[in-house]
Amino acid sequence: MTHASFASTDTIRAMFSVAMSRMYRSEVPRYRDMAQIVAEIDAKTLAGDFALEERLKRDGRFDLLGIERHGAIRVGTPEELSGVRRLFAVMGMSPVGYYDLSAAGVPVHSTAFRPVTDEALRRNPFRIFTSLLRLELIADADLRREAATILARRRIFTPRCLQLIETRERNGGLDEKEAHEFVAQALETFRWHGEATVSAMVYDAFRKTHPLIADVVCFKGPHINHLTLPSLDIDAVQRSMAAQGLNPKAIVEGPPARAHPILLRQTSFRAIEEPIVFAGERGAHAARFGEIEQRGVALTAKGRALYDRLLAATNAAAPVASDGSNADRYMAELGRQFIAFPDDDATLRAQGLAFFRYLPVAESSSRRGAPSLADGFEGLARTGHIRIEPILYEDFLPVSAAGIFQSNLGEGGQSIAANANRAAFEEALGARVVDELALYAEAEASSRAATLEALGSKGADSGA
Ligand code: OOG
Ligand code: NI
């Protein structure tokens, strides 16, 4: 039950995302440069497409331009993972989805902490992609033990942060003053620390085994490693980043550009080397980068299977070299493969490939007069009484995520065997992850029921 004097979880999340953005912009100057490019290209895109602004305003996305959509952290132990779960719960963020990245050679598994209701997503969509290091996938037993020992010593939450998490768990919410304090305290967990907790020698040993281990184990906490802005034209941002020397990754991850976007396209500028101090010596570590994303319609299990198949075929036919030299060939092959993915809403819907939201059209504005119950749902849609809109994909893609990891971790490290283990992840998390497909299916079904009810034709839903 919520209490009148509690700050809303949406408000706390919005405060947190603003605070994170401010902190990151002050810490990573290149991120400011990227944000500048994104803003310029958004403005240019809007100027060239008047209908776009109206569309964005209608679905609540216009006011969210220029506001971070997500960030990412990597934690080292089950205790840290369950701790961040409790922290994100204060802001109305639940773990959604299980991502196995070992399949792509990265020794982590992950979830996304995010708001789950349409309303909360509209108020502030900020989420944190969170990965748990899997030491059990590392062959060297001595190194594994050493990493575990170092991790067991660190405390990633301030004492006051833990108190406020407990207060919220006990009372069901935080008042406004506590909420402000909570955001300031939570920020400490994700801040960059320029001093490593180990010697340069230990760091190098971890780095050689796998660069991810060095990044997770050798620091005081799970520094935020990137923030991500939405873009209205990700290909233009990619070109502009390259032109301005921001060193973007070789390819845009995800599906190709389409008339009707699906899932999620992402790119990032590569992590920069930053000076750090090891016990006694100076060195450098590359961790932090900036990312942009452009989202499209959420796919059903059937649509997702088709996407996965076409992406795998692309990677088999034209794999991207680690130096990115054959990126053009990859992008051309991607375009060729995805010809097999229908690119209009009617076909996507008719073939059950994507999720849609339904809205009743006011009688006066529908062209065909009063809705007729006998027409059934599809009939009402055909006669313009129901508006059909794509449901936006709010989650992540494991192959894309692995590509983002790899372009920022740098070369080297042992190979990792594929080994998904959702049960172990949920055990560490201390909770089940929410099934993202169930969320989309529920959003579609409830909009359908509400639409029929609004049209006064509950009986018309004969399943047509
Ligand atoms: C997370 C990479 C995944 C995305 O957008 O797919 C991610 C990481 O590098 O820790 O954020
Ligand atoms: Ni990301």
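Right, let's walk through the structure included here. Values in this document were obtained by computation on a predicted structure and should not be read as measured data.

A look at the nonpolar core
For soluble globular proteins, the rule of thumb is that nonpolar side chains tend to be buried together.
Then comes step 1: Membership of the largest hydrophobic core comes to 71 residues, with the highest contact counts inside it found for Phe206, Tyr307 and Phe341.
Then comes step 2: Sort the elements by how many residues they give to this core and helix H10 (residues 211-217) lands first, with five residues.
Then comes step 3: Both domains that meet at this core, namely domain 1 (3-298 + 394-432) and domain 2 (356-390 + 434-464), each give it at least three residues.
Then comes step 4: Filtering out sequence-adjacent residues up to four positions away, Tyr307 remains in contact with Gly254, Pro255, Ile262, Leu263, Leu299, Phe338, Phe341, Leu397 and Ser400.
Then comes step 5: Of all hydrophobic cores here, the second largest spans 59 residues; its members include Leu87, Val183, Ile272 and Phe289.

Overview of the coordination of the nickel ion (ligand 2)
Then comes step 1: Taken together, His70 (NE2), His226 (NE2) and Glu291 (OE) make up the full set of protein donors to the nickel ion (ligand 2), lying 2.1 to 2.2 Å away.
Then comes step 2: For the nickel ion (ligand 2), all donor residues lie on one chain, and their spacing in sequence is H-x155-H-x64-E. Separated by 221 residues along the polypeptide, His70 in strand S1 (residues 70-75) and Glu291 in strand S7 (residues 282-295) bring together distant segments of the chain.
Then comes step 3: For His70, a relative accessible area of 1% translates into the label buried.
Then comes step 4: Residue Glu291 is classed as buried on the basis of its relative accessible area of 0%.

Looking at the pattern of salt bridges
Then comes step 1: Throughout the structure, instances matching the rule amount to 31 salt bridges.
Then comes step 2: In this structure, Asp100 and Arg134 form a salt bridge, with 3.9 Å as the shortest nitrogen-oxygen distance. Placement of the pair is Asp100 in strand S2 (residues 94-100) and Arg134 in the loop between strand S4 (127-133) and helix H6 (141-153), with a sequence separation of 34 residues. Taken as a pair, Asp100 and Arg134 share a single burial class, namely buried.
Then comes step 3: Residue Asp235 pairs with Arg265 through a salt bridge whose shortest N-O separation is 2.8 Å. Of this pair, Asp235 sits in helix H11 (residues 234-243) while Arg265 sits in strand S6 (residues 264-277), and the two are 30 residues apart along the sequence.
Then comes step 4: Taking relative accessible area as the criterion, Asp235 reaches 23% and is therefore assigned partly exposed.
Then comes step 5: A relative accessible area of 8% means that Arg265 is categorised as buried.
Then comes step 6: Each of the salt bridges in this network shares a partner with another, and the network as a whole consists of Asp10, Arg13, Glu119 and Arg123.

Reading guide: rules and limits
- Starting afresh in each chain, residues are numbered from 1 along the sequence in its written order.
- Chain labels run from A onward and ligand labels from 1 onward, assigned in the order the entries are written.
- At least 70 in pLDDT is required for a residue's local features to be given in this predicted model, at least 80 for side-chain atom pairs to be given and counted, and no such filter applies to totals for whole chains, interfaces and linings, which use all residues.
- Only hydrogens and water are set aside; all other atoms, that is, all heavy atoms of the structure, feed into the side-chain values.
- Buried residues of nine kinds, namely Ala, Val, Leu, Ile, Met, Phe, Trp, Tyr and Cys, make up a nonpolar core once their side-chain atoms join them within 4.5 Å.
- Residue exposure (1.4 Å probe, protein chains only): buried if accessible area is under 20% of the type maximum, exposed if over 50%, otherwise partly exposed.
- A run of H or I in DSSP counts as a helix once it spans at least four residues, and a run of E counts as a strand once it spans at least two, with each numbered from the N terminus.
- For the domains described, the bounds stem from an automatic or database domain assignment.
- Residue contacts are defined here by distance: any two heavy atoms, one from each residue, within 4.5 Å place the two residues in contact.
- Metal donors: N, O and S atoms at distances within 2.8 Å, or within 3.2 Å for Na, K and Ca, with water omitted from the atom set so that some sites may seem incomplete.
- Between Lys or Arg on one side and Asp or Glu on the other, a salt bridge is scored when a side-chain nitrogen of the former is within 4 Å of a carboxyl oxygen of the latter.

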